[in-house]
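Working through the structure, step by step
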Amino acid sequence: MINENWIYLGTLIGALGALVYLRDTLRGTTKPNRVTWLLWAFAPLLAAGVEFHGGVGLRALPTFMVGFMPLLIFVSSFHNSASVWGVRRIDYACGAMSVVGTVVWFATQNGVLAITAAMAADFLAGVPTLMKSWTHPETETIHSYIGAVISMGVVLLTITQWTFEVAAFPIFIVLVGTVEVVLIGLEPGPRLLRARHAAALADATPSA
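Values in this document were obtained by computation on a predicted structure and should not be read as measured data. (Residues numbered from 1 in each chain as written. Predicted model: local features only at pLDDT ≥ 70, side-chain atom pairs only at ≥ 80, totals over all residues. Heavy atoms only, no water.)

With that settled, the discussion passes to the side chain of T25. Following the sequence through the fold, T25 ends up in helix α1 (residues 6-27). For T25, a relative accessible area of 0% corresponds to the buried category. If we skip the residues at most four places from it in the chain, T25 touches T30, P32, I73, S76, S77, N80 and S83. (Helix = DSSP H or I, 4+ residues; strand = E, 2+ residues; numbered from the N terminus. Buried < 20%, exposed > 50% of the residue type's maximum accessible area, 1.4 Å probe, protein only. Contact = heavy atoms within 4.5 Å.)

A surface patch of nonpolar side chains, about 550 Å² in accessible area, is lined by L38, F52, F64, F68, L71, L72 and V75. Sorting the residues of the nonpolar patch by element identifies α2 (34-53) and α3 (60-76) as the ones contributing at least two each. When residues in the nonpolar patch are grouped by element, the largest group, 5 residues, is from α3. With respect to the helices and strands, V75 occurs in helix α3. (Patch = residues over 30% accessible without salt bridge, like charges linked within 9 Å, V, L, I, M, F, W, Y side chains within 5 Å. Areas by Shrake-Rupley, 256 points an atom, 1.4 Å probe, with all protein chains shown as cover. Salt bridge = Lys/Arg side-chain N within 4 Å of Asp/Glu carboxyl O.)

With that settled, consider the environment of S83. Among the secondary structure elements, S83 is positioned in the loop between α3 and α4 (89-108). Judged by its relative accessible area of 0%, S83 falls in the buried class. As a C-alpha pair, S83 and Y8 span 75 residues in sequence and 31 Å in three-dimensional space. Not counting residues up to four positions away in its chain, the partners in contact with S83 are T25, G28, T30, K31, P32 and S77.

Structure (structure tokens):
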């Protein structure tokens, strides 16, 4: 385990990654899905509130930042019309289910259930962006996800007493962030699509 003060560095790295995404959004080179980023702001802020209430202390700071930075990105998406990614019915459906998961916390005020609901809400909110990252990874910025993985990885390394309230949300963010890094960095979606097109062309070409 490492000293708890490393959380400050991890939080800074996470914030810097999100700032790169924010810059690219303002430029219009990155196109955030507004449903995802609005709810990605709300669910972690909810989780951070639960963590602070549960006495997690400093380890709740990265969770708070994981919510605060998406809120800035959501707001920045209104600055440049070129940065808007079209919202589909499935996006609204995921958003509605995400809101339901968030409401659970207000209804129960139970720490474990609230964290679980926040993670479910966060995942459902992220489905539209996960789908977009699969089909159009060029519309995303990888730095924010790398920053989130590092930030939450540092939190996990500082844990001395593992409980669900302390560890669940950081683990969840590491997993989702890692998937995004793979989808954006390695572009498996477009690669698979190109391979299918090549195979289809090969099948359609008459043999000599």
